[in-house]
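Take a look at the letters that make up each chain.
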Amino acid sequence: MPGSIPVRIVDALLGWKSWRSRSVTRGSDTSVDWRRLRGVSGNRLQIGGGSIVHANIIFENQGGEVRIGDRSYLGLSTLICFRNIAIGDDVLVSWGATIVDHDSHSLEWDLRRSDVRDWARNRKDWTHVPSAPIVIGDKAWIGFNVTILKGVTIGEGAVVAACSVVTRDVPPRALVAGNPARIIRMLDAEDRIQPSQ
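About the criteria used
Residues numbered from 1 in each chain as written. Predicted model: local features only at pLDDT ≥ 70, side-chain atom pairs only at ≥ 80, totals over all residues. Heavy atoms only, no water. Helix = DSSP H or I, 4+ residues; strand = E, 2+ residues; numbered from the N terminus. Buried < 20%, exposed > 50% of the residue type's maximum accessible area, 1.4 Å probe, protein only. Contact = heavy atoms within 4.5 Å. Areas by Shrake-Rupley, 256 points an atom, 1.4 Å probe, with all protein chains shown as cover. Pairing = 2+ DSSP bridges. Patch = residues over 30% accessible without salt bridge, like charges linked within 9 Å, V, L, I, M, F, W, Y side chains within 5 Å. Salt bridge = Lys/Arg side-chain N within 4 Å of Asp/Glu carboxyl O. Phe/Tyr/Trp six-rings, centres within 6.5 Å; stacked < 30°, edge-to-face > 60°. Lys NZ or Arg CZ within 6 Å of the ring centre and 35° of its normal.

Engineer: I'd like a rundown of the overall build of the chain, residues and numbers included.
Structural biologist: For the chain, the helix and strand inventory stands at 4 helices and 20 strands. When burial is assessed residue by residue, the chain has 39% of its 197 residues classed as buried. In the chain, 18% of the contacts between residues at least 6 apart in sequence involve partners at least 24 apart. For the chain, the exposed surface amounts to about 11,400 Å²; the carbon and sulfur share of it is 54%.

Engineer: Let's hear about the sheet that holds strand S8 (residues 73–74): which residues, and what values?
Structural biologist: In space, the 8 strands of this open sheet follow the order S2-S5-S8-S11-S14-S17-S19-S20, with mixed pairing throughout. The strands lining the two open edges of the sheet, one partner per strand, are strand S2 (31–32) and strand S20 (181–186). Judged from the 2 bridges that link them, strand S17 (residues 159–160) and strand S19 (residues 174–178) form a sheet pairing that is parallel. Within the sheet, the bridge partner assigned to Val 160 lies in S19 and is Val 176.

Engineer: Kindly report on the sheet that holds strand S13 (residues 134–136), identifying the contributing residues and their values.
Structural biologist: The 6 strands lie next to each other as S1-S4-S7-S10-S13-S16, forming an open sheet whose pairing is parallel. With one partner strand each, in any of the chains shown, strand S1 (24–26) and strand S16 (153–154) form the two edges of the open sheet. Here strand S7 (residues 65–68) runs beside strand S10 (residues 84–87); their pairing, made up of 4 bridges, is parallel. Looking at S10, one finds that Arg 67 is bridged to Ala 86.

Engineer: Can you tell me about unusual backbone geometry, naming the residues and giving the values?
Structural biologist: With an omega of 0 degrees, the peptide bond between Asn 179 and Pro 180 qualifies as cis. Looking at the element boundaries, Pro 180 is found in the loop between S19 and S20. Even without being glycine, Arg 71 reaches a positive phi, approximately 55 degrees. With respect to the helices and strands, Arg 71 occurs in the loop between S7 and S8. Residue Arg 71 is classed as partly exposed on the basis of its relative accessible area, which comes to 47%.

Engineer: Please set out the pairing of S20 residue by residue, giving values where relevant.
Structural biologist: Sheet analysis places S19 next to S20, joined by 5 bridges and oriented antiparallel. Within S20, the residue paired with Gly 178 across the bridge is Ala 181. The loop that links S19 with its antiparallel partner S20 comprises 2 residues.

Engineer: Tell me about a nonpolar patch on the surface, and please be specific about residues and values.
Structural biologist: Taken together, the side chains of Ile 52, Tyr 73, Leu 92 and Trp 141 present a nonpolar region at the surface, about 370 Å² in accessible area. Among the structural elements, Trp 141 can be located in strand S14 (residues 141–142). For Trp 141, a relative accessible area of 47% gives the class partly exposed.

Engineer: Outline the packing of aromatic side chains, listing residues and values.
Structural biologist: Within this structure, the stated rule accounts for 2 aromatic pairs. Aromatic side chains Trp 95 and Phe 144 sit 4.7 Å apart centroid to centroid with 15 degrees between the ring planes, which places their arrangement in the stacked category. Here Trp 95 is found in the loop between strand S11 (92–93) and strand S12 (98–100), whereas its partner Phe 144 is found in the loop between S14 and strand S15 (147–148), with 49 residues between them in sequence. The residue whose ring lies beneath Arg 83 is Phe 82, and the NZ or CZ to ring-centre distance is 4.2 Å. The ring of Trp 126 is capped by Lys 124, whose NZ or CZ atom sits 5.1 Å from the centre of that ring.

In structure tokens:
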């Protein structure tokens, strides 16, 4: 690709803080859009080998961890991590997906009344904001514009259809769709592509 070297140089320049932070580890043959990483210092981003990560990865506070396995692809989506997001091996995440491990604000007005004022001062009180880890199992496929909310585990080989909102766990090898996402059917051997003869 003729423009790939200049693009990589610009990417490294825009993402130099993340690149130099020592908070990011990656396996061999892994491609990362460094300019899309935010708040990496004081957190941990671990990416396995052979993966492609074009996603915006935003750490909300210190002590968060995002783990991405081997041979996984994250398109232009957004991961917002307060504490823990884990994505397995051979996972596909399409563009426009949002994966967030917290509620951003308290449900109680009195506990969120100062949020905007605090943001203006570069502060955030997380003590009353619910959060829970997200786990996406190996071989899962997350369609475009999917939203995955806190505390969800998506089982191995599961498929989440485009534009779904996932609010509860998805069993392994399930096809889910909708808002909230519901099981459409279980995937089986017939769903595998048979080699042509």
